[in-house]
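An overview of the molecular structure
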Protein chains: 2
Amino acid sequence: MRPQIVLFGDSITEQSFRAGGWGASLADTYSRKADVVNRGYGGYNTRWALFLLHHLFPLSSATPPVAATIFLGANDAALSGRTSERQHVPTEEYKENLRRIVRHLKECSPTMLLVLITPPPVDEFGRKEYASSLYGDKAMELPERTNQVTGVYAKQCIELAKELDLPSIDLWSKMQETEGWQKKFLSDGLHLTAEGNAVVYREVLKIFNDAWLSAPEMPYDFPHHSVIDEKNPEKAFQQQCF
Amino acid sequence: MRPQIVLFGDSITEQSFRAGGWGASLADTYSRKADVVNRGYGGYNTRWALFLLHHLFPLSSATPPVAATIFLGANDAALSGRTSERQHVPTEEYKENLRRIVRHLKECSPTMLLVLITPPPVDEFGRKEYASSLYGDKAMELPERTNQVTGVYAKQCIELAKELDLPSIDLWSKMQETEGWQKKFLSDGLHLTAEGNAVVYREVLKIFNDAWLSAPEMPYDFPHHSVIDEKNPEKAFQQQCF
């Protein structure tokens, strides 16, 4: 069986196999080496994600994933008292929930490579434009998320990664380093464009490469076609099959 | 565990998670419903693919795939006596190998939905252009594949599907119905452009939808976020978790 890399998160993970998506790009990079599995749950916050842990990552699994990305917080950061408040989770609980997720995954497999990813920045104007395009005059007047508040969640995520000595991607900061990030990286002020997906892909890959999960160094699951002797094909398969 | 859909084939399957790829599009369509797993082996013909069967589809599996696409033949159709002759497999053997693959998968699971896909047409001029771009004057003068010969393999594939009463996609014929198929659907005379990938995606989806594997009719693996009561989230998970 090929090693498994699990992408665990919300809609930004769920949508990661769309054209140009970071999940599909990872799957392509690891083709014939590892399976990249999408476990993205649109609209989920960390509180709801906890209910999935034992189902998605059973402690009894004989073949737990070798790596997982944990990419949550965009929904936790929905503001209390606004239209998306049902998704809101207080910052302290967010951090604690992430800690529980990490603890569970490490219990699944102490060697699992975990990468914490902060939510991307929020373009409040882009969110408003998007809401207007859907609901016209009925769109909410007050933003349901602000970039500043999402930044507080991002900080919690990075702090936790430091505390636990885990690799992390500060997507919230990283994206804002680029001028015009609002339209360049975000399609509706929150979700990712193809270029936004490319940022996530590159950052995840950098961490995987720096750890022990570098695709070019991983063996093919079966012989490359060029090493198969056409007169005696079974030889290549005897040598390289497990 | 989510049901698994396996894409078994050669490079056209292996590359199916590139941007716009038919595999990634299927994975996106079935997100939260089924896992789409890439088992494409670039350069492989049906003879070499047979060596993989027991590894990829062990008869002892408690959770065999619910569906598989079998997409081979582009390499079998490489001409004897030309530069790619090591990949050549005679047409009769090609058909017989496909039959053995189908038999094995049906032994794995009699209910597995199998879809046979013929190789795409070959644009000999495009192949030549591609070879020249790689090797300049040293490129082979005679084509290593012809569209006519690949058509004979495609016919064998469709005949076998009829014999075994399996759904099939005559990609060889289908693509040639569109004017300019040579550049529109093929990037190097053999592999698929984004538009070529879209054809495969649409055709596979049509068959899945007509069978019992229609994504819109399949349940989410866990509650949709909108049905989670934020005051009492465990309720939704008690009801919908297995």
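About the thresholds
Residues numbered from 1 in each chain as written. Chains lettered and ligands numbered in written order. Predicted model: local features only at pLDDT ≥ 70, side-chain atom pairs only at ≥ 80, totals over all residues. Heavy atoms only, no water. Contact = heavy atoms within 4.5 Å. Buried area = accessible area lost by both parts, 1.4 Å probe. Salt bridge = Lys/Arg side-chain N within 4 Å of Asp/Glu carboxyl O. Polar contact = N/O pair within 3.5 Å; in protein donor to acceptor, adjacent residues only side chain to side chain. Helix = DSSP H or I, 4+ residues; strand = E, 2+ residues; numbered from the N terminus. Core = buried A, V, L, I, M, F, W, Y, C linked by side-chain atoms within 4.5 Å. Buried < 20%, exposed > 50% of the residue type's maximum accessible area, 1.4 Å probe, protein only. Axes fitted to C-alpha atoms, helices over the stretch in contact; angles between N-to-C directions. Parallel < 35°, antiparallel > 145°, perpendicular 65-115°, else oblique. Left-handed = near helix turned anticlockwise from the far one by under 90°. Nonpolar A, V, L, I, M, F, W, Y, C, P; charged D, E, K, R; others polar. Disulfide = S-S within 2.5 Å. Phe/Tyr/Trp six-rings, centres within 6.5 Å; stacked < 30°, edge-to-face > 60°. Lys NZ or Arg CZ within 6 Å of the ring centre and 35° of its normal.

At the interface, 40 residues of chain B touch 40 residues of chain A. When chain B packs against chain A, the two sides together hide about 3500 Å² of surface, and 57% of this comes from carbon and sulfur. Inspection of the chain B/chain A interface yields six salt bridges. Among the salt bridges present, the one from R86(B) reaches E230(A), with a minimum N-O distance of 3.8 Å. The interface formed by chain B and chain A includes 14 residue pairs in polar contact (both at pLDDT 80 or more). Looking at the side of chain B that touches chain A, the elements with two or more residues in it are α2 (22–29), β2 (35–40), α3 (46–49), α4 (53–56) and α11 (233–240) of chain B. Per-element accounting of the side of chain B that touches chain A gives the leading share, five residues, to β2(B).

As a further point, take the nonpolar core. Taken as a class, soluble globular proteins show a tendency for nonpolar side chains to be buried jointly. Counting residues in hydrophobic clusters, the biggest one holds 72 residues, and the most contacted among them are Y30(A) and Y30(B). Discounting chain neighbours no more than four positions away, the residues touching Y30(B) are I5(B), V36(B), L205(B), F208(B), N209(B), L213(B), S214(B), A215(B) and M218(B).

Residues and elements named next belong to chain B. The contact between α2 and helix α10 (residues 194–210) brings their axes to 8 Å, and the two run at 40 degrees. Between α2 and α10, the angle falls in the class oblique. Crossing hand, α2 versus α10: right-handed. Of α10, the residues touching α2 (which contributes W22, S25, L26 and T29) are N197, V200, Y201, V204 and L205. Classifying every residue of the contact of α2 with α10 gives six nonpolar, three polar and no charged.

All names here are of chain B. All chains considered together, the criterion is met by zero disulfides over all chains. No disulfide involves C157; its sulfur sits 20 Å from that of C108, the nearest cysteine. Note on C157: relative accessible area 1%, which makes it buried.

A few words now on the packing of aromatic side chains. The relation between two aromatic rings is expressed through the spacing of the ring centres and the mutual angle of the planes. Counted under the stated rule, the structure contains 19 aromatic pairs over all chains. Ring plane angle 55 degrees and centroid distance 5.8 Å describe the contact between W22(B) and F71(B), whose orientation is recorded as tilted. Linking W22(B) in helix α2 with F71(B) in strand β3 (residues 67–71), this pair joins segments that are 49 residues apart in sequence. When its relative accessible area of 0% is taken as the criterion, W22(B) is described as buried. Each residue in the set Y41(A), Y44(A), W48(A), F51(A), F222(B) and F237(B) is aromatic and connected to the rest through ring pairs, giving one cluster. Across the ring face of Y220(A), the terminal group of R32(A) is positioned such that the distance to the ring centre comes to 4.5 Å. The ring centre of Y220(A) lies 4.9 Å from the NZ or CZ of K33(A), which sits over that ring.

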